[in-house]
Amino acid sequence: MNMSDSEMVERLVAAIEKLQRPALPVAVDLWDTSLVAAYLKRSPDNVRKEIIPLPSFPKPIRLPVAGRAQALYRARDVVAWAESHQQKK
């Protein structure tokens, strides 16, 4: 898979930003769609189109801001949702 220069720059910037942010415990962290996607090992587009619309997926938190607020998800709820789909023996 070849990345364009702009994709590589975006990934580098994201990696640098991640290093600069303190890590929060999953019990209190809020994840945006890109972090949900990283956790689920899916693309952000796949998460937006295929996973978030599922009725069983956790409902978003939208902070009060001017305009449309970004959807955030409780990390613990996303983890619990994913674990609820573990196959039984």
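Residues numbered from 1 in each chain as written. Predicted model: local features only at pLDDT ≥ 70, side-chain atom pairs only at ≥ 80, totals over all residues. Heavy atoms only, no water.

Undergrad: Report on the packing of aromatic side chains, specifying residues and quantitative values.
TA: Scanning all chains against the criterion turns up three aromatic pairs. For the pair W31 and Y39, a centre-to-centre distance of 5.3 Å together with 40° between the ring planes defines the contact as tilted. A residue is classified by how much of its surface remains accessible, and Y39, at 33% relative accessible area, is partly exposed. Taken together, a centroid distance of 5.0 Å and an interplanar angle of 75° make the contact between F57 and W81 edge-to-face. Remark: W81 occurs in helix α4 (residues 75-83) and F57 occurs in the loop between α3 (44-51) and β2 (73-74); sequence separation between them is 24 residues. Since its relative accessible area comes to 11%, W81 is described here as buried. Grouping aromatic residues by their ring pairs yields a cluster made of F57, Y73 and W81. (Phe/Tyr/Trp six-rings, centres within 6.5 Å; stacked < 30°, edge-to-face > 60°. Buried < 20%, exposed > 50% of the residue type's maximum accessible area, 1.4 Å probe, protein only. Helix = DSSP H or I, 4+ residues; strand = E, 2+ residues; numbered from the N terminus.)

Undergrad: So what about α4? Which residues, and what values?
TA: All buried positions along α4 are accounted for by A75, V78, V79 and W81. On an axial view of α4, the arc spanned by its buried residues comes to 160°, and they lie on one face. Those residues of α4 hidden inside the fold are in contact with β1 (30-31), α2 (33-40), α3 and β2. (Arc of directions from axis to C-beta. Contact = heavy atoms within 4.5 Å.)

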